[in-house]
Amino acid sequence: RLQRWSQRNRSWAQFELGNLYDRGLGVTKDPKRACELFKLAADQGNHHAQFNLGLMYKKGEGVIQSDQLSFKYYKLSADQGFANAQFNVGNGYAQGKGVEQSDLKASEFYKLAADQNNLDGQMGLAVIYQDGLGVIQDYKAARTWFRKAANQGSSIAAGTLGYNYSLIFGAF
């Protein structure tokens, strides 16, 4: 059934069928076919397919590994408001992978993800504020974002809060 909808150029079907090929569920695992299907859906603006294609390019599964193409597809998905993609775009800017390094742009994309309650975005933004990367160092803001991440169950955030309180009691 998905095959028929996929042949009718339905991006949701192409995305779902791509997932089946990516995972080998009900079909023989075929990363190359998964990428072909994700690309068809991504070209129609499907943000989940754009995100998955970004992952495939990052890992070099079914395609030749490319940080630039990975960033491109993450960015397309992020621009549609997908929090996981926004976090990955933030990482791209923070690490200079697939794009020119920019702590300021990293902080902007981490904030977009963090504002959607994305745990990784909250952690990324907390570190940005803690270390003053691309923003004015702000321990209060760092504490706020570490606390939000800790409240979602991040033991790393909780440990960081405790450690920093013991070092800089009052300032952090």
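The rules behind each value
- Residues numbered from 1 in each chain as written.
- Predicted model: local features only at pLDDT ≥ 70, side-chain atom pairs only at ≥ 80, totals over all residues.
- Heavy atoms only, no water.
- Helix = DSSP H or I, 4+ residues; strand = E, 2+ residues; numbered from the N terminus.
- Buried < 20%, exposed > 50% of the residue type's maximum accessible area, 1.4 Å probe, protein only.
- Expected span 1.5 Å × (residues − 1).
- Contact = heavy atoms within 4.5 Å.
- Phe/Tyr/Trp six-rings, centres within 6.5 Å; stacked < 30°, edge-to-face > 60°.
- Lys NZ or Arg CZ within 6 Å of the ring centre and 35° of its normal.
- Patch = residues over 30% accessible without salt bridge, like charges linked within 9 Å, V, L, I, M, F, W, Y side chains within 5 Å.
- Areas by Shrake-Rupley, 256 points an atom, 1.4 Å probe, with all protein chains shown as cover.
- Salt bridge = Lys/Arg side-chain N within 4 Å of Asp/Glu carboxyl O.
- Lys, Arg positive; Asp, Glu negative; His and termini not counted.
- Charge placed at Lys NZ, Arg CZ, Asp CG, Glu CD.
- 1 Å grid on protein atoms, 1.4 Å probe; cavity = no way out; pocket = protein on both sides within 12 Å on 5 of 7 lines; lining within 4 Å.
- Points joined across faces, edges and corners; volume = space filled by probe spheres on them.
- Nonpolar A, V, L, I, M, F, W, Y, C, P; charged D, E, K, R; others polar.

1. Comments concerning unusual backbone geometry
No. 1: Its identity is not glycine, yet asparagine 9 carries a phi of approximately 70°, on the positive side.
No. 2: In this structure, asparagine 9 sits in the loop between helix 1 (2-7) and helix 2 (11-23).
No. 3: Since its relative accessible area comes to 45%, asparagine 9 is described here as partly exposed.
No. 4: Within the chain, asparagine 117 stands out as a residue other than glycine whose phi angle is a positive 70°.
No. 5: Along the chain, the position of asparagine 117 falls in the loop between helix 7 (103-114) and helix 8 (119-131).

2. Some remarks on helix 6 (residues 83-95)
No. 1: Between its first and last C-alpha, helix 6 extends 18 Å over 13 residues, near the 18 Å set by a 1.5 Å rise per residue.
No. 2: Within helix 6, burial applies to Ala83, Ala85, Gln86, Phe87, Asn88, Val89, Gly90, Gly92 and Tyr93.
No. 3: Buried residues along helix 6 sit in contact with helix 4 (47-59), helix 5 (67-78), helix 7 and helix 8.
No. 4: Two residues or fewer past helix 6, glycine 96 is found with a positive phi of approximately 65°.

3. Let's talk about helix 7
Residue pairs three or four apart in sequence face the same way in an α-helix, which turns once every 3.6 residues.
No. 1: Between the first and last C-alpha of helix 7 there are 16 Å, a value that for twelve residues agrees with the 16 Å anticipated at 1.5 Å per step.
No. 2: Within the sequence span of helix 7, burial applies to Ala106, Ser107, Phe109, Tyr110, Ala113 and Ala114.
No. 3: Lining the buried residues of helix 7 we find helix 5, helix 6, helix 8 and helix 9 (139-151).

4. Description of the packing of aromatic side chains
No. 1: Applying the stated criterion to the full structure yields eight aromatic pairs.
No. 2: Between tryptophan 5 and tryptophan 12 the ring centres are 5.9 Å apart and the planes differ by 45°, which places this aromatic pair in the tilted class.
No. 3: Look at tryptophan 5 and you get partly exposed, because its relative accessible area is 29%.
No. 4: According to the relative accessible area criterion, tryptophan 12 is partly exposed, its value standing at 45%.
No. 5: A network of ring pairs unites the aromatic residues Phe51, Tyr74 and Phe82 as a single cluster.
No. 6: The aromatic ring of tryptophan 5 is capped on one face by arginine 8, whose charged end is 5.2 Å from the ring centroid.
No. 7: A cation over an aromatic ring shows up here: lysine 148 above the ring of tryptophan 145, its NZ or CZ 4.7 Å from the ring centre.

5. Brief notes about a positive patch on the surface
No. 1: Taken together, the side chains of Arg1, Arg4, Arg8 and Arg10 present a region of like positive charge at the surface.
No. 2: Relative to the helices and strands, arginine 1 is located in the segment before helix 1.
No. 3: The exposure class of arginine 1 is exposed, given its relative accessible area of 75%.

6. Some details on the layout of surface pockets
Over the atoms rolls a probe the size of a water molecule, and in doing so it shows where empty space is left.
No. 1: Approximately 200 Å³ is the volume found for the largest pocket.
No. 2: Lining the largest pocket, in full, are Lys58, Gln65, Asp67, Ser70, Phe71, Tyr74, Asn88, Asn91, Gly92, Gln95 and Lys97.
No. 3: Listing elements by their share of the lining of the largest pocket, those giving two or more residues are helix 5 and helix 6.
No. 4: Broken down by class, the residue content of the lining of the largest pocket amounts to two nonpolar, six polar and three charged.

7. Side note on the pattern of salt bridges
No. 1: Using the criterion set out here, one finds four salt bridges in the structure.
No. 2: Two residues, aspartate 43 and lysine 39, come together in a salt bridge whose shortest N-O distance is 2.8 Å.
No. 3: By relative accessible area, aspartate 43 is classed as exposed at 52%.
No. 4: On the basis of relative accessibility, which here comes to 32%, the residue lysine 39 falls in the partly exposed class.
No. 5: Its salt-bridge partner being lysine 75, residue aspartate 79 comes within 3.0 Å of it at the nearest N-O pair.

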